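Reading the structure
Here is how the chains run, residue by residue.
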Amino acid sequence: MIPLPSISPRSWIGWFAGHELSVLLALLASVLSIWAFIVLAGEVARGDAKHFDRTVLLATRTADDPHVPVGPARLPEVARDITALGSEIVLTLIVLAVAGFLLLNHDYYAMSLVLATTGGGFVLGTALKLAFARERPDVVPHLAIVSSYSFPSGHAMQSSIIYWTLAALLARLVDRVWLKVYLFVTATCLTLLVGSSRVYLGVHYPTDVLAGWSAGLAWASLCWLVARYLQRRGKLEQHIDTASG
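Definitions and limits used
- Residues numbered from 1 in each chain as written.
- Predicted model: local features only at pLDDT ≥ 70, side-chain atom pairs only at ≥ 80, totals over all residues.
- Heavy atoms only, no water.
- Helix = DSSP H or I, 4+ residues; strand = E, 2+ residues; numbered from the N terminus.
- Buried < 20%, exposed > 50% of the residue type's maximum accessible area, 1.4 Å probe, protein only.
- Contact = heavy atoms within 4.5 Å.
- Areas by Shrake-Rupley, 256 points an atom, 1.4 Å probe, with all protein chains shown as cover.
- pLDDT = per-residue confidence, 0-100.
- Axes fitted to C-alpha atoms, helices over the stretch in contact; angles between N-to-C directions.
- Parallel < 35°, antiparallel > 145°, perpendicular 65-115°, else oblique.
- Left-handed = near helix turned anticlockwise from the far one by under 90°.
- Nonpolar A, V, L, I, M, F, W, Y, C, P; charged D, E, K, R; others polar.
- Patch = residues over 30% accessible without salt bridge, like charges linked within 9 Å, V, L, I, M, F, W, Y side chains within 5 Å.
- Salt bridge = Lys/Arg side-chain N within 4 Å of Asp/Glu carboxyl O.
- Arc of directions from axis to C-beta.
- Core = buried A, V, L, I, M, F, W, Y, C linked by side-chain atoms within 4.5 Å.

Along the protein chain, the regular secondary structure elements total 9 helices and 0 strands. Counting only residues that meet the buried cut, the protein chain has 43% of its 245 residues in that class. In the protein chain, once contacts between residues fewer than 6 apart in sequence are set aside, the share between residues at least 24 apart is 76%. By element, 69% of the accessible surface of the protein chain is carried by carbon and sulfur atoms, the whole surface being about 13,200 Å².

Below, the structure is given as structure tokens:
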């Protein structure tokens, strides 16, 4: 995580006043996501989420046999393919490929943002899992192999961090608003699919996934805000589009 330099309240006000709507939306997203995570964590810690979690998990299985998932016979295989988009191996390969491209393109600001956001997000997710130490669901049989703690969902959290961060980077390259919207909608759909697949496979409670989404969005938004602020103050190298020169 890139350290945030100390500044006066007046500097903060001037910074926010001079930035566009995207900055304010990112700040709002981070605040609401942190609030949502705190609420979910409280529900889980008190045991108030058990009925909701159990009801949703049982809804993914046939009424007469919890070993048989609902839907077409191929749906579990499809769910495993989708859930792989949020696995550590796949996401690591994506991050390394993107970081390598940015390095070769001399876009050190973007590369720093990707590495700091994803690396810090992994550490944060691991720390949260160890702090809550919630066991995996035992309501229905698992349709995938798992070994770590359950809360929050690492697949949901890391996929949201990486896909939303990449969407933010790509959005810098386009000017049309509808293209920017398309990028963030696509990233959101991927994140929702990955998280939903974890519930369908029976390896996460719904509250695990909701907490993962909340933590992921909060972390990605905060890192983007910090990196953007440092870039504007000259602490990070500005991107130079050599192709346009």
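Another aspect to go through is the confidence of the model for the protein chain. Residues with a pLDDT of 70 or more make up 86% of the protein chain, whose mean pLDDT is 84. Within the protein chain, helix α1 (residues 9-17) has the poorest average pLDDT of any element, 47, and helix α4 (residues 75-83) the best, 94. Considering only residues more than four positions removed or in separate chains, one finds that residues 1-18, a stretch of pLDDT under 50, has 22 contacts. In this model, residues 235-245 is a region of pLDDT below 50 whose contacts with residues beyond four sequence positions or in other chains number 15 contacts.

At a minimum axis distance of 10 Å, the contact between helix α6 (residues 108-132) and helix α7 (residues 154-171) shows a crossing angle of 165 degrees. Of the possible angle classes, the one that applies to α6 and α7 is roughly antiparallel. Crossing geometry of α6 relative to α7 is assigned as right-handed. Of α7, the residues touching α6 (which contributes A110, L113, V114, T117, T118, G121, F122, L124, G125, L128 and K129) are G154, M157, Q158, I161, I162, T165 and L169. When the residues that make up the contact of α6 with α7 are grouped by side-chain class, the tally is 10 nonpolar, 7 polar and 1 charged.

A word on the environment of S221. Residue position: S221 is located in helix α9 (residues 206-232). Sequence-wise, S221 and L27 are 194 residues apart; in three dimensions their C-alpha atoms are separated by 6.9 Å. Among residues more than four places away in sequence, those in contact with S221 are A26, A29 and S30.

A cluster of nonpolar side chains, contributed by L21, L24, L25, L28 and L32, occupies part of the molecular surface with about 480 Å² of accessible area. Position of L21 relative to the elements: it lies in helix α2 (residues 21-46).

For α4, the set of buried residues is P76, A79 and T83. Buried residues in α4, looked at end-on, bunch into an arc of 55 degrees, giving them a common side.

Moving on: the nonpolar core. Membership of the largest hydrophobic core comes to 24 residues, with the highest contact counts inside it found for L102, L113, L169 and W224. At the level of elements, α2, α5 (88-104), α6, α7, α8 (177-200) and α9 are the ones that each hand at least two residues to this core. Here this core gets 8 residues from one element, more than from any other, and that element is α7. Ignoring sequence-local partners within four residues, the contact set of W224 consists of S22, V23, A26, L113 and A168. One finds F37, F151, M157 and W219 within the second-largest nonpolar core, a separate group that totals 12 residues.

Turning our attention to the pattern of salt bridges. Side chains bearing opposite charge may pair, as long as their charged atoms lie close to each other. Applying the stated rule across the entire model yields 4 salt bridges. Where E43 meets R46, a salt bridge forms, and the shortest distance between an N and an O atom there is 3.1 Å. Here E43 and its partner R46 are both found in helix α2, 3 residues apart, which amounts to about one turn of the helix. The exposure class assigned to E43 is partly exposed, which follows from its relative accessible area of 27%. A salt bridge links R134 to D53; its shortest N-O distance comes to 2.8 Å. Taken together, the residues span a long stretch of sequence, with R134 in the loop between α6 and α7 and D53 in helix α3 (residues 50-59) at a distance of 81 residues. The same class applies to R134 and to D53, which are both buried. A single salt-bridge network, built from bridges that share partners, covers E43, R46 and D48.

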